[in-house]
Amino acid sequence: MNKRPLRDAGANLQIVPISKEFIPSCSKIVAETELWRHYGIDYDRAFSMFSTAFESGEHIFVAVLGGDVVGFVWIVPRGMFGRSGYIKLIGVAPQMRGHGIGGALLSFAENELSKHDKDVFLLVSHFNSSAIRFYKKMGYVEVGRLPDYAVKGITEILMWKRLTGRDLS
Ligand SMILES: CC(C)(COP(=O)(O)OP(=O)(O)OC[C@H]1O[C@@H](n2cnc3c(N)ncnc32)[C@H](O)[C@@H]1OP(=O)(O)O)[C@@H](O)C(=O)NCCC(=O)NCCS
């Protein structure tokens, strides 16, 4: 896949806080992603989840390219152990994957979290090998495994990254 054209268009990729108008597109990305079917999340459930999160002021950001929503990331500052950031959900539209959008969203999320947190955690399903490779490439390391944590039969892999340039004392 030729990644260059979109990477060159990176300056046109905007990452902005979610607003009501973006909720249907984010829900569509979730519904079109095979992964989330394992967790029983379809369009309606995603729509209700994003709507509730939006109303509660959760930290969700969307990537917009040429007026279209092409991805999202949901972060929870101090969401792990009351002291570390947590990346709750990240997704890129299926047809737009592998072009740098996920990396841009993750870097943006880490930058936001670094305002409060010195490190960041996330969970990834044991069978989601492409996402595991993606996270490793982005500097995450596996630090644990949670069998049957959210869904019976799925082991959640706990991944961790220190946010550099921070005073760790
Ligand atoms: C995981 C996901 C968010 C990654 O987003 P993406 O836009 O496809 O990833 P990017 O193109 O930004 O890749 C970023 C880096 O990771 C690498 N990478 C991405 N997918 C990879 C893979 N399958 N194997 C190895 N490296 C990979 C890229 O090469 C890139 O590195 P580079 O910048 O040095 O070239 C996206 O594929 C997705 O939405 N997947 C389905 C939902 C999902 O699994 N979410 C995570 C749940 S925990």
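As shown above, the structure is provided for reference.
An account of the accompanying structure is given in this report. Just so we're clear, the structure is a prediction, and the values are computed from it rather than from any experiment.

What counts, and at which threshold
Residues numbered from 1 in each chain as written. Predicted model: local features only at pLDDT ≥ 70, side-chain atom pairs only at ≥ 80, totals over all residues. Heavy atoms only, no water. Core = buried A, V, L, I, M, F, W, Y, C linked by side-chain atoms within 4.5 Å. Buried < 20%, exposed > 50% of the residue type's maximum accessible area, 1.4 Å probe, protein only. Contact = heavy atoms within 4.5 Å. Near = heavy atom within 4 Å. Polar contact = N/O pair within 3.5 Å; in protein donor to acceptor, adjacent residues only side chain to side chain. Areas by Shrake-Rupley, 256 points an atom, 1.4 Å probe, with all protein chains shown as cover. Helix = DSSP H or I, 4+ residues; strand = E, 2+ residues; numbered from the N terminus. Nonpolar A, V, L, I, M, F, W, Y, C, P; charged D, E, K, R; others polar.

1. What about the nonpolar core?
Residues Phe 50, Phe 72, Ile 87, Tyr 135 and Tyr 140 are the most contacted members of the largest nonpolar core, which totals 50 residues. Setting aside anything within four residues of it in sequence, one finds Phe 72 in contact with Cys 26, Ile 29, Val 30, Trp 36, Phe 50, Phe 61, Val 62, Leu 89, Ile 90, Gly 91 and Leu 105.

2. What to know about the site of the ligand
Taken together, 24 residues sit near the ligand, with Val 92, Gly 100, Gly 102, Gly 103 and Asn 128 positioned nearest. One of the backbone N or O atoms of Gly 102 is found 2.8 Å from an oxygen atom in the ligand. One nitrogen or oxygen atom from the side chain of Lys 137 is found 3.1 Å from an oxygen atom belonging to the ligand. Bound to the protein, the ligand loses 79% of the 920 Å² it would expose on its own. Of all the elements in the fold, those that place two or more residues in the shell around the ligand are helix H3 (34-37), strand E4 (84-92), helix H5 (101-113), strand E5 (119-125) and helix H6 (129-137). By residue number, the principal contributor to the shell around the ligand is H6, which donates 6 residues. Of the residues that constitute the shell around the ligand, the class distribution is 10 nonpolar, 9 polar and 5 charged.

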